[in-house]
Amino acid sequence: MRSSNPVFSRRGFSRDNGYAGFNTAPQAGYAQGAPYAQDGNPYAQNPYANNPYAQQDLQQGAPPQAPATTGRMTMDDVVMRSGMTLGTVAVGAILAWALLPVSTTSYGLAVGSAIIAFVLAMIQSFKRTPVPALILGYAAFEGVFLGVISEMYNSRWSGAPFQAVLGTLAVSAATLLVYKAGWIRVTARYARIGMAIAIAFVLVMAVNLLLVAFGVAENGGLRSFGPLGAIVGIIAILLGAFFLTLDFKQIEDGIAYGAPKNEAWLAAFGLTMTLVWIYVEMLRLVAIFSSND
């Protein structure tokens, strides 16, 4: 299920050195020491050794558990790193809102911060191991960007950022609920189809941006503040929810398959990028609906 695109791979645990059951031999504990772990026994190895999603949905019983070793990622690690990363985003946004009044200068700083955040995210995406400094740096600059644009939206549509935060929390909670309830099964096919749609969406938005820049499309084109823009925004939010399901699945598999503890930073990185995506799209959607009141 691994994408060759470092952004759309969702920064999970599918590294070449093979944790979380990707591209790796069975971990000690699945077959070693088992009473039936003998040559010729088809059940002597972890059936998900090479791909944790392969036929997993067809199996009965609980998923395989991580071996009892130290230095492995836990849910507490993911929660703590995610809290640090999202907290850095929040602090950056609050400081930018408080210290940078709405102006052309602050808009320029927002664009510059967004570019720096993007560069840091790309550097981390191409690295084989997580670098906390890069991830927190990305979060800080992303926070500045969000703070400035949130203040700008609030100056025109009062309360829009607060509504966008509530909307982001609602989408995240609903996605987690349907995921934990088993209403959505994250399989390799599900991920491939979703990734294809996401890549197509990004390409269409890139073309739309070029058309707007050269004056071919007016009023933002597909990203206008009208019904078409609202439809595109809803699609973008649904894609954000799709990314969340991939994040949840890879965190779950990372814990189950004994990913190294520092991989929790990658889990936090992926969650933060997804939540930022949803928030920005929710902010635009709130503004569109407010404009039509």
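Residues numbered from 1 in each chain as written. Predicted model: local features only at pLDDT ≥ 70, side-chain atom pairs only at ≥ 80, totals over all residues. Heavy atoms only, no water.

**Brief notes about the layout of surface pockets**
By volume, the largest pocket is sized at about 1800 Å³. Lining the largest pocket are 41 residues, with Phe145, Arg223, Trp277, Val280 and Glu281 sitting closest to its centre. Taken together, the elements giving at least two residues each to the lining of the largest pocket come down to helix H2 (104-126), helix H3 (132-156), helix H5 (188-213) and helix H7 (264-291). Examining the composition of the lining of the largest pocket, we find that 10 residues originate from one element, H2, more than from any other. For the lining of the largest pocket, the per-class residue count stands at 30 nonpolar, five polar and six charged. One number sums up the size of the second largest pocket: a volume of about 890 Å³. What lines the second largest pocket is a set of 31 residues, among which Leu86, Thr168, Leu169, Ser172 and Leu275 lie closest to the centre. Of all the elements in the fold, those that place two or more residues in the lining of the second largest pocket are helix H1 (75-99), H3, helix H4 (160-180), helix H6 (227-256) and H7. (1 Å grid on protein atoms, 1.4 Å probe; cavity = no way out; pocket = protein on both sides within 12 Å on 5 of 7 lines; lining within 4 Å. Points joined across faces, edges and corners; volume = space filled by probe spheres on them. Helix = DSSP H or I, 4+ residues; strand = E, 2+ residues; numbered from the N terminus. Nonpolar A, V, L, I, M, F, W, Y, C, P; charged D, E, K, R; others polar.)

**Focus on the packing of aromatic side chains**
The tally for this structure, following the rule as stated, stands at eight aromatic pairs. Judged by centre distance (5.6 Å) and plane angle (15°), the rings of tryptophan 157 and phenylalanine 225 are stacked. Taken together, the residues tryptophan 157 in the loop between H3 and H4 and phenylalanine 225 in the loop between H5 and H6 connect sequence positions 68 residues apart. Residue tryptophan 157 is classed as buried on the basis of its relative accessible area of 13%. Taking relative accessible area as the criterion, phenylalanine 225 reaches 34% and is therefore assigned partly exposed. When the ring of tyrosine 190 is compared with that of phenylalanine 242, the centres are 5.4 Å apart and the planes differ by 50°; the resulting orientation is tilted. Of the two residues, tyrosine 190 is situated in helix H5 and phenylalanine 242 in helix H6; the sequence distance between them amounts to 52 residues. According to the relative accessible area criterion, tyrosine 190 is partly exposed, its value standing at 25%. Here the aromatic cluster, defined as three or more aromatic residues joined through ring pairs, consists of Tyr190, Phe201, Phe242, Phe243 and Trp277. (Phe/Tyr/Trp six-rings, centres within 6.5 Å; stacked < 30°, edge-to-face > 60°. Buried < 20%, exposed > 50% of the residue type's maximum accessible area, 1.4 Å probe, protein only.)

**Observations regarding the packing of H4 against H7**
The contact between H4 and H7 brings their axes to 8 Å, and the two run at 130°. With respect to their mutual orientation, H4 and H7 come out oblique. Read as a crossing pair, H4 and H7 show a hand that is right-handed. Across the interface between the two elements, Ala160, Pro161, Gln163, Ala164, Val165, Gly167, Thr168, Val171 and Ser172 from H4 touch Leu275, Ile278, Tyr279, Met282, Leu283 and Val286 from H7. (Axes fitted to C-alpha atoms, helices over the stretch in contact; angles between N-to-C directions. Parallel < 35°, antiparallel > 145°, perpendicular 65-115°, else oblique. Left-handed = near helix turned anticlockwise from the far one by under 90°. Contact = heavy atoms within 4.5 Å.)

**Observations concerning the nonpolar core**
If you look at the biggest cluster of nonpolar residues, it comprises 58 residues, and the most contacted ones within it are Tyr138, Leu146 and Leu283. Listed by contribution, the elements that provide at least two residues to this core are H1, H2, H3, H4, H5, H6 and H7. It is H7 that contributes the most residues to this core, 16 residues altogether. Non-local contacts of tyrosine 138, meaning those with residues more than four positions away in its chain, are made with Ala117, Leu120, Ala121, Phe269, Thr272, Met273 and Val276. (Core = buried A, V, L, I, M, F, W, Y, C linked by side-chain atoms within 4.5 Å.)

**Some remarks on a nonpolar patch on the surface**
Together, Tyr107, Val111, Ile115, Phe118, Val119 and Ile123 give the surface a local cluster of nonpolar side chains, amounting to about 560 Å² of exposed area. In this fold, valine 111 is placed in helix H2. Residue valine 111 is classed as partly exposed on the basis of its relative accessible area, which comes to 36%. (Patch = residues over 30% accessible without salt bridge, like charges linked within 9 Å, V, L, I, M, F, W, Y side chains within 5 Å. Areas by Shrake-Rupley, 256 points an atom, 1.4 Å probe, with all protein chains shown as cover. Salt bridge = Lys/Arg side-chain N within 4 Å of Asp/Glu carboxyl O.)

**Some thoughts on the pattern of salt bridges**
Counted under the stated rule, the structure contains four salt bridges. With its nearest N and O atoms 3.6 Å apart, the salt bridge here joins arginine 81 to aspartate 77. Linking arginine 81 with aspartate 77, this pair stays in helix H1, spanning four residues, or about one helical turn. The salt bridge involving lysine 180 is made with glutamate 252; its shortest N-O contact spans 3.9 Å. Here lysine 180, found in helix H4, pairs with glutamate 252, found in helix H6; they are 72 residues apart in sequence, far enough to count as distant. On the accessibility criterion, lysine 180 (58% relative accessible area) is exposed. Its relative accessible area of 34% is what places glutamate 252 among the partly exposed residues.

**Considering the environment of serine 125**
Checked against the element boundaries, serine 125 lands in helix H2. The class for serine 125 is buried, based on a relative accessible area of 5%. Among the polar contacts made by the side chain of serine 125, one reaches the main-chain carbonyl oxygen of alanine 121 at a distance of 2.7 Å. (Polar contact = N/O pair within 3.5 Å; in protein donor to acceptor, adjacent residues only side chain to side chain.)

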